[in-house]
Amino acid sequence: MKFTHDFLFGAASAAYQIEGAYKEDGKGVSNWDVFSKIKGKTLNGTNGDTAIDHYHRFKEDIRLMAEMGLESYRFSVSWTRIFPNDDGKVNEKGVAFYNSLINECLRYGIVPFVTLYHWDLPQYLEEKGGWRNKETVRQFAAFANICFENFGDRVKHWITFNEPVYFLRFGYITGAHPPGLKNDQKGFFEALHHVMTAHAEAVVLYKSKKQYGEIGFSHGFAPNYAASDSDSDKEAENHANHFETFMYLDPVFKGEYPEYCLKSLEERKLLFHISDEEASVIKRASEQNDFIGLNYYHPNAVVRVKDRKDAEIDYSREASTGQKRQFYYDGYYEIVKPEDKVYTKWGWEVSPEGLLDGIRMLRERYESDLKVYITENGLGDQDPVIEDEIMDVPRIKFIEKHLAAVKEGNLRGYNIKGYFAWSAIDLLSWLNGFEKQYGFIYVDHENGLKRKKKLSYYWYKEVIETRGENITEDFCHVK
């Protein structure tokens, strides 16, 4: 079986992680420009000032993607390149850069798939309270509007937000991301609601413009499963999936938050205020979303630990990147690592079957014909260099197994319309610098950021050429 011709083989990136040029051509300062320079926040003090200099080398990078046969490139727009200051004035040089990037993609027949928000908030908004402040919702709508007006004639695939589940938790609970707050649960849920409102505002705005494209939401998807058959662990699974997935996707697709979560928040005196206007726009937008984007790397095995006295939350950078067992911040459950599973070097469970189980769960809760894009999936590794060649065989095996799961999902009617590997090119990790690599294209930091094709580059090129005809895996054991 081949993947159909309306299935997009793509790869992804994010502005802060690749562009560099952080103060060039009128760009303003983002929260990450500030946060990454606080001592101890990132490994070895790395930051995105230069990243991999995609801002100056995007033509070379897009050409390499084209040579690989990439059908779609998912990238994000840096908010501070468009609105560098808190005066509402558009930076035309920023608009020009993204116009050039989009046109370069189209020159090679690469479909641009654009994310509006991939974690880099203007610092001037962060200083006003960031996503806890409703003003950020208003300004996000203005930012989205400028992007739609300037790029919407050529961009027909939009993602509003990338992984709120992570940038909010790491920003307001663990302190690993800006604004660096620890265990601010009240602020966390207020910020969550404002992000969901901003998503809805952008969806309704986009649909009003009749640009005849599609718009959706990208969720950091780590389906939770009970570590045992006990009722206690099954309760942990239910609780975890409600707070880590349904809390974000119910407002997107049902137009309301799950009652289970609202009841829990009310009991803990954390329930946020929802105005009639906010409830209305969230409800309207829920009928207009075109797809769900899933960023899938691993599932989580969970056990219930409620009422345990020793359930101490680990706020370290290592815990935030999945390298340690960790308790959930409300003390209800713990993420564990069963010994019979396979893990990456960073402690993430390798489970293509978990993707199938997860999509099935979503289809049962939402529409059965829900359109799905796998907007991120890939392997972070320390790639071996053998006789000047980057032999990233583990990455090939990882992606191959997950593409096989995608193929199996479509055989089951799961309506998966694209796969975006993370990432197109080696880039800056938010917390781990350049310690691990994800890309098909190697970046040599000892040699002027020179680009080089990896073994996986040639493999993915063949996969695209053959429409994945040779990718197979037995998933008959998966429900």
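So, here's what we can say about the structure.

Cut-offs applied
- Note on numbering: residues in each chain are counted from 1, in written sequence order.
- Local features in this predicted model are restricted to residues of pLDDT 70 or higher, and side-chain atom pairs are both shown and tallied only at a pLDDT of 80 or more, whereas totals for entire chains, interfaces and linings draw on every residue.
- As a convention, hydrogens and water are excluded, and side-chain values are obtained from all of the structure's heavy atoms.
- Secondary structure elements follow DSSP: runs of H or I no shorter than four residues count as helices, runs of E no shorter than two count as strands, and numbering proceeds from the N terminus.
- Throughout, the radius of gyration refers to the C-alpha atoms, and the reference size of a globule is 2.2 Å times the residue count to the power 0.38.
- Relative accessibility under 20% of the residue-type maximum defines a buried residue, over 50% an exposed one, and the middle range a partly exposed one, all with a 1.4 Å probe and only protein chains included.
- By definition, residues are in contact when any of their heavy atoms lie within 4.5 Å.
- Every accessible area reported is derived by Shrake-Rupley at a probe size of 1.4 Å, with residue values counting cover from the shown protein chains alone.
- This count recognises Lys and Arg as positive and Asp and Glu as negative, with His and chain-terminal groups excluded.
- Lysine's charge is taken at NZ, arginine's at CZ, aspartate's at CG and glutamate's at CD.
- A side-chain nitrogen of Lys or Arg and a carboxyl oxygen of Asp or Glu constitute a salt bridge if their distance falls within 4 Å.
- Here, the arc refers to the directions that run from the helix axis to the C-beta atoms.
- By the convention used here, strands pair only if DSSP detects at least 2 bridges between them.
- Each nonpolar core is a collection of buried residues, namely Ala, Val, Leu, Ile, Met, Phe, Trp, Tyr and Cys, held together in the definition by side-chain atoms within 4.5 Å.
- Axis lines are fitted to C-alpha atoms, over the contacting stretch for helices. Their N-to-C directions set the angle, which ranges from 0 to 180 degrees.
- To count toward a patch, a residue needs a relative accessible area over 30% and no salt bridge; like charges are then connected within 9 Å, while nonpolar side chains (Val, Leu, Ile, Met, Phe, Trp, Tyr) are connected within 5 Å.

### Some remarks on the overall build of the chain
Line of reasoning, step 1. For the chain, the count of helices and strands is 16 helices and 16 strands.
Line of reasoning, step 2. For 479 residues, the compact-globule formula gives about 23 Å, and the C-alpha radius of gyration of the chain, at 21 Å, lands near that figure.
Line of reasoning, step 3. A principal-axis box enclosing the C-alpha atoms of the chain has dimensions of 55 × 55 × 45 Å.
Line of reasoning, step 4. Relative to its 479 residues, the chain shows a buried fraction of 62%.
Line of reasoning, step 5. By sequence separation, contacts in the chain at least 24 residues apart represent 77% of the contacts at least 6 residues apart.
Line of reasoning, step 6. Roughly 18500 Å² of accessible area belongs to the chain as shown, and the carbon and sulfur atoms make up 47% of that amount.
Line of reasoning, step 7. Distance from the positive charge centre (62 side chains) to the negative charge centre (75 side chains) of the chain: 2 Å.

### With respect to unusual backbone geometry
Line of reasoning, step 1. Of the consecutive residues proline 178 and proline 179, the connecting peptide bond is found in the cis state with omega at 10°.
Line of reasoning, step 2. Note on placement: proline 179 falls in the loop between helix 8 (164-172) and helix 9 (185-209).
Line of reasoning, step 3. Backbone geometry places tyrosine 212, a non-glycine residue, at a positive phi of 60°.
Line of reasoning, step 4. Looking at the secondary structure, you find tyrosine 212 in the loop between helix 9 and strand 5 (214-221).
Line of reasoning, step 5. For tyrosine 212, a relative accessible area of 71% corresponds to the exposed category.

### Focus on the pattern of salt bridges
Line of reasoning, step 1. Summed over the entire model, instances satisfying the criterion amount to 33 salt bridges.
Line of reasoning, step 2. Residues arginine 451 and aspartate 61 are paired through a salt bridge, measuring 2.8 Å at the closest nitrogen-oxygen approach. Residue arginine 451 is found in strand 16 (residues 450-453), and its partner aspartate 61 is found in helix 3 (residues 54-68); the two are separated by 390 residues along the sequence.
Line of reasoning, step 3. Across the pair aspartate 330 and arginine 268 runs a salt bridge whose closest N-O atoms are separated by 3.8 Å.

### Thoughts on helix 11 (residues 259-267)
Line of reasoning, step 1. All of the buried residues along helix 11 are Cys261, Leu262, Ser264 and Leu265. Taken around the axis of helix 11, the buried residues stretch over an arc of 165°, which confines them to a single face. The outward face of helix 11, more than 90 degrees from its buried face, is lined by the exposed residues Glu259, Lys263, Glu266 and Glu267.
Line of reasoning, step 2. On its buried face, helix 11 sits against helix 9 and helix 10 (231-253).

### Brief notes about the pairing of strand 4 (residues 157-162)
Line of reasoning, step 1. The buried fraction of strand 4 amounts to six of the six residues, a majority that puts the element mostly inside the structure.
Line of reasoning, step 2. Judged from the three bridges that link them, strand 3 (residues 111-117) and strand 4 form a sheet pairing that is parallel. The partner of valine 114 across the bridge, within strand 4, is tryptophan 158.
Line of reasoning, step 3. Across four bridges, the pairing between strand 4 and strand 5 is parallel. Considered in strand 5, the bridge of tryptophan 158 is made with isoleucine 215.

### Regarding the side chain of arginine 169
Line of reasoning, step 1. Position of arginine 169 among the secondary structure elements: in helix 8.
Line of reasoning, step 2. Once you skip the residues sitting within four places of it in the chain, arginine 169 turns out to touch Pro164, Thr174, Phe188, Glu244 and Tyr329.

### Some points on the nonpolar core
Line of reasoning, step 1. Trp131 and Tyr460 are the most contacted members of the largest nonpolar core, which has 150 residues in total.
Line of reasoning, step 2. When residues of this core are assigned to their parent elements, the largest contribution, twelve residues, is made by helix 9.
Line of reasoning, step 3. The next biggest cluster of nonpolar side chains, apart from the first, holds five residues, and it includes Ala301, Val303, Phe327 and Val336.

### Focus on the sheet that holds strand 1 (residues 8-12)
Adjacent strands of a sheet form backbone hydrogen bonds with each other and so pair up, either parallel or antiparallel.
Line of reasoning, step 1. Taken together, eight strands build a closed barrel; the order of strands is 1-2-3-4-5-7-11-14 and the barrel is parallel. For this sheet the average axis-to-axis angle between neighbouring strands, irrespective of direction, equals 25°.
Line of reasoning, step 2. As paired strands, strand 1 and strand 14 (residues 416-422) are joined by five bridges and run parallel to one another. Along strand 14, the bridge assignment pairs leucine 8 with glycine 418.
Line of reasoning, step 3. Sheet strands touched by helix 10: strand 5 and strand 7 (291-296). Its angle to strand 5, the strand with the most contacts, is close to 170°.

### Things to note about a negative patch on the surface
Line of reasoning, step 1. Where like charges cluster on the molecular surface, the negative patch consists of Glu256, Glu259, Glu266 and Glu267.
Line of reasoning, step 2. One can find glutamate 259 in helix 11.

From the geometry alone we can't say anything about function, so treat these as descriptive.
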